[in-house]
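# Observations on the three-dimensional arrangement
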Amino acid sequence: MLFYISPKKGALGALFLCLIIWLYGMVFALFSIIHQIENSMKIKRLRPELNAGSMADIAFLLLVFFLVATTMNKDIGIQRKLPSTEKASAATISQKNILTVLVNSSDRILVNDEYLGISELKERAMGFIDNNGKAQCSYCKGSQKISSSDHPSKAVISLQNDRSTSYKTYVAVQNELTAAYNSLRNNLAVIKYSKAFVDLNKEQKREISNSYPMHISEAETMNLASN
Amino acid sequence: MSKFKKKSGGGTPAISTASLPDIVFMLLFFFMVTTVMREVTLLVKNEKPFATEIKKLEKKNLVTYIYVGKPKKSLLTTYGSEPKIQLNDAFASLKDIKEFVFAERDEISEEEQNQMTVSIKADEEVKMGLISDIKQELRKAEALKINYSTRKGEVYDR
């Protein structure tokens with residue numbers, strides 16, 4: 001995995017080096033031009049030579065230090081909001097509006113009691129959210145199964161995982177579920193505004209997001225094996 | 001003939017490099033301004049999982065980091081191979097998280113405190129049990145905005 005990071009850094013370093021060399025070249029070219037002009041115009045200025053040769057060395061030393069110490073990577077990741085401790089969800093949700101995604105201790109994914117590969121999860125989640133069981137959703141394109149969700153605003157994905165599920169799989173599942181919502185939002189944005197979701201303005205984004213609100217509920221992790 | 005006629009010698013005249021330091025200083029200041037020093041020395045193995053649906057964390061001063069992972073190879077003998085939590089520069093236990101979050105929150109100006117984000121930088125091999133415990137602690141500390149720190153890349157085919 002170290003391999004993943006190092007070539008990028010090397011490339012960055014090489015880029016800076018090229019930049020510096022190029023700058024050097026430019027400066028020298030500029031000075032020679034100025035010199036030539038001065039010579040041709042027969043201007044002879046009297047300037048006392050200050051030995052600033054070592055100044056460049058000092059500056060370079062500092063520069064190299066900062067080049068090495070610089071990290072320009074921004075932190076990226078999947079953002080989530082945890083439920084508050086006080087809020088107790090007492091609302092009852094009918095079974096068909098819940099998609100249970102369960103990740104067991106051997107990192108296998110169970111969606112409504114059937115095994116599913118990680119690559120199929122996105123399609124499955126999209127089908128569930130966009131199902132439109134009661135035909136009240138004008139923008140949905142789902143298959144209108146009675147056994148699946150009524151409306152995107154009612155659909156809840158319940159994510160459960162075991163204590164020994166690996167973090168890698170958990171993030172992968174979170175990622176796929178987010179991808180499902182994002183692509184539904186993007187589809188709607190293209191239909192409504194013929195633009196990608198990311199290119200919309202704030203208000204439009206909010207409107208589209210409200211059409212497909214993200215409901216991912218996470219139960220506290222349990223030891224599934226013991227139950 | 002003029003007495004002061006310039007000697008027409010061959011070769012290029014010497015170029016003054018006096019302004020070279022200026023250019024280098026310019027670069028230097030650029031890097032000084034953009035540099036973010038690594039705040040902590042990592043004590044844990046930290047290979048983050050891959051994800052595609054990622055967002056950038058914009059305001060760095062509002063982000064608090066929690067590192068989770070196995071202790072690094074050199075520390076394995078002293079700390080064992082069980083995944084551990086690292087806060088700032090030291091290993092910590094679950095109970096310390098609350099205190100840590102409160103301390104970090106105090107450093108943020110009051111009007112921005114509700115925007116505080118906790119970024120969980122966990123190694124991909126960590127089990128969810130520990131992560132869930134951390135999430136519970138964060139809920140208790142009312143740090144509800146969290147971020148699962150990841151790398152950019154496809155999640156499957158790996």
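Before any of the text, the structure's been laid out above.
Residues numbered from 1 in each chain as written. Chains lettered and ligands numbered in written order. Predicted model: local features only at pLDDT ≥ 70, side-chain atom pairs only at ≥ 80, totals over all residues. Heavy atoms only, no water.

### Describing a nonpolar patch on the surface
- Taken together, the side chains of Leu19(A), Trp22(A) and Met26(A) make up a nonpolar region of the molecular surface, amounting to roughly 330 Å² of accessible area.
- Tracing the backbone shows Met26(A) in helix 1 (residues 2-40). (Patch = residues over 30% accessible without salt bridge, like charges linked within 9 Å, V, L, I, M, F, W, Y side chains within 5 Å. Areas by Shrake-Rupley, 256 points an atom, 1.4 Å probe, with all protein chains shown as cover. Salt bridge = Lys/Arg side-chain N within 4 Å of Asp/Glu carboxyl O. Helix = DSSP H or I, 4+ residues; strand = E, 2+ residues; numbered from the N terminus.)

### Examining the sheet that holds strand 7 (residues 145-149) of chain B
- Read from one edge to the other, the open sheet built from 7 strands follows the order 2(B)-1(A)-7(B)-6(B)-3(B)-4(B)-5(B), with strand pairing classed as mixed. Bordering the open sheet on either side are strand 2 (55-56) and strand 5 (90-92) of chain B, each of which pairs with just one other strand.
- Bridge count for strand 4 (residues 84-87) of chain B against strand 5 of chain B is 3 bridges, and the pairing is antiparallel. When the bridges of strand 5 of chain B are listed, Ile85(B) appears paired with Ala92(B).
- On the sheet, helix 4 (residues 167-193) of chain A packs against strand 1 (76-81) of chain A together with strand 6 (117-122) and strand 7 of chain B and is oriented at approximately 75° with respect to strand 1 of chain A. (Pairing = 2+ DSSP bridges. Contact = heavy atoms within 4.5 Å. Axes fitted to C-alpha atoms, helices over the stretch in contact; angles between N-to-C directions.)

### Here we look at the pairing of strand 4 of chain B
Residue and element names in this part refer to chain B.
- Sheet topology note: the strand 3 (residues 63-69)/strand 4 ladder contains 3 bridges and is antiparallel. Opposite Val68, over in strand 4, you have Ile85 as the bridge partner.
- Linking two consecutive strands that pair antiparallel, namely strand 4 and strand 5, is a turn of 2 residues; a positive phi of about 50° is found at Asn88 within it.

### Structural notes on the packing of helix 4 of chain A against helix 5 (residues 202-211) of chain A
All names here are of chain A.
- Closest axis-to-axis distance for the helix 4/helix 5 pair is 10 Å, and the angle between their directions is 125°. As summarised for this structure, helix 4 and helix 5 are arranged oblique, according to the angle between their axes. Between helix 4 and helix 5 lies a crossing of right-handed hand. Here Arg185, Leu188, Ala189, Lys192 and Tyr193 of helix 4 lie close against helix 5, whose contacting residues are Gln204, Glu207, Ile208, Ser209 and Ser211.
- Counted by class, the contact of helix 4 with helix 5 contains 4 nonpolar, 3 polar and 3 charged residues. (Parallel < 35°, antiparallel > 145°, perpendicular 65-115°, else oblique. Left-handed = near helix turned anticlockwise from the far one by under 90°. Nonpolar A, V, L, I, M, F, W, Y, C, P; charged D, E, K, R; others polar.)

### Some thoughts on the sheet that holds strand 4 (residues 114-116) of chain A
Residue and element names in this part refer to chain A.
- One open sheet accounts for 5 strands, arranged 4-3-2-5-6; its pairing is mixed. Every other strand in the sheet has two partners, leaving strand 4 and strand 6 (216-218) as the edge strands with one partner each. Sheet twist, expressed as the mean angle between neighbouring strand axes with direction ignored, is 30°.
- Running at roughly 175° to strand 5 (residues 156-161), helix 4 makes contact with strand 2 (98-103), strand 3 (109-111), strand 5 and strand 6 of the sheet.

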